[in-house]
Amino acid sequence: MTHSRKVLVLHGPNLNLLGVREPQHYGADTLASINARLSEQAQAAGATLEALQSNREFELIERIHATLDDGTDYIIINPAAYTHTSVALRDALAAVKKPFVEVHLSNVHAREAFRHHSFFSDLAVGVICGLGARGYEYALAFVLSQPVKTP
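Reference entry: report on the structure contained in this document.

About the criteria used
Residues numbered from 1 in each chain as written. Predicted model: local features only at pLDDT ≥ 70, side-chain atom pairs only at ≥ 80, totals over all residues. Heavy atoms only, no water. Helix = DSSP H or I, 4+ residues; strand = E, 2+ residues; numbered from the N terminus. Buried < 20%, exposed > 50% of the residue type's maximum accessible area, 1.4 Å probe, protein only. Contact = heavy atoms within 4.5 Å. Areas by Shrake-Rupley, 256 points an atom, 1.4 Å probe, with all protein chains shown as cover. Pairing = 2+ DSSP bridges. Right-handed = clockwise from strand over helix to strand, strands pointing away. Phe/Tyr/Trp six-rings, centres within 6.5 Å; stacked < 30°, edge-to-face > 60°.

## Things to note about the overall build of the protein chain
- For the protein chain, the helix and strand inventory stands at 5 helices and 5 strands.
- Ordered by position from the N terminus, the helices and strands of the protein chain form the series β-α-α-β-α-β-α-β-β-α.
- The buried share of the protein chain, reckoned over its 151 residues, is 44%.
- Expressed as a percentage of contacts within the protein chain between residues at least 6 apart in sequence, the contacts between residues at least 24 apart total 79%.
- In the form shown here, the protein chain has an accessible surface area of approximately 7400 Å², with 56% of it arising from carbon and sulfur atoms.

Listed below in structure tokens is the structure:
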């Protein structure tokens, strides 16, 4: 028996300000428009998508923990500033053993030196950076191309 693929998209701190915050780095898309496009893309593929943005590390960690029991197959995460600081988020992702794709709107390697290190990249199935909001769509296309697991 197969089940519908379930994808969780996590957006880290300050991503609620997309569209107004540093558009030269992050573009003009709002988080609502990004999530709407992702929902349409998932629905067209028969998948379920949930998106959560939080400025609170513990909320992101608790949502990752919940994937142990809620049928989530894949995670797409833009940890934002937590990319460079959060061992706790890294440990949560490692603990649940869900495959995930790390996404960054800007090219973190072309920015300040502190942004060049990620606590997540070595655990991620893939990393997409510098492609703006389209990076999320590419990550979802990849996830949707993966074989569906049966429970």
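## Focus: the pairing of strand β4 (residues 100-104)
- Counting buried positions over the 5 residues of β4 gives 5, a clear majority of the element.
- Burial along β4 is two-sided: the residues Phe-100, Glu-102 and His-104 and Val-101 and Val-103 are all buried.
- Looking at chain direction, strand β3 (residues 74-78) and β4 are connected through 3 bridges and run parallel. Paired with Ile-75 across the strands is Phe-100, a residue of β4.
- Each parallel crossover has a hand, and the one from β3 via helix α4 (residues 87-96) to β4 is right-handed.
- Bridge count between β4 and strand β5 (residues 126-129): 4 bridges; the pairing is parallel. Its bridge partner being in β5, Glu-102 is matched across the sheet by Val-127.

## Notes on the packing of aromatic side chains
- Evaluated as defined, the whole model comprises 1 aromatic pair.
- Measuring from ring centre to ring centre gives 6.5 Å for Tyr-74 and Phe-142, while their planes differ by 90°; the resulting arrangement is edge-to-face. Here the residue Tyr-74 occupies a position in strand β3, and Phe-142 occupies one in helix α5 (residues 134-145), the gap between them amounting to 68 residues.
- The class for Phe-142 is partly exposed, based on a relative accessible area of 32%.

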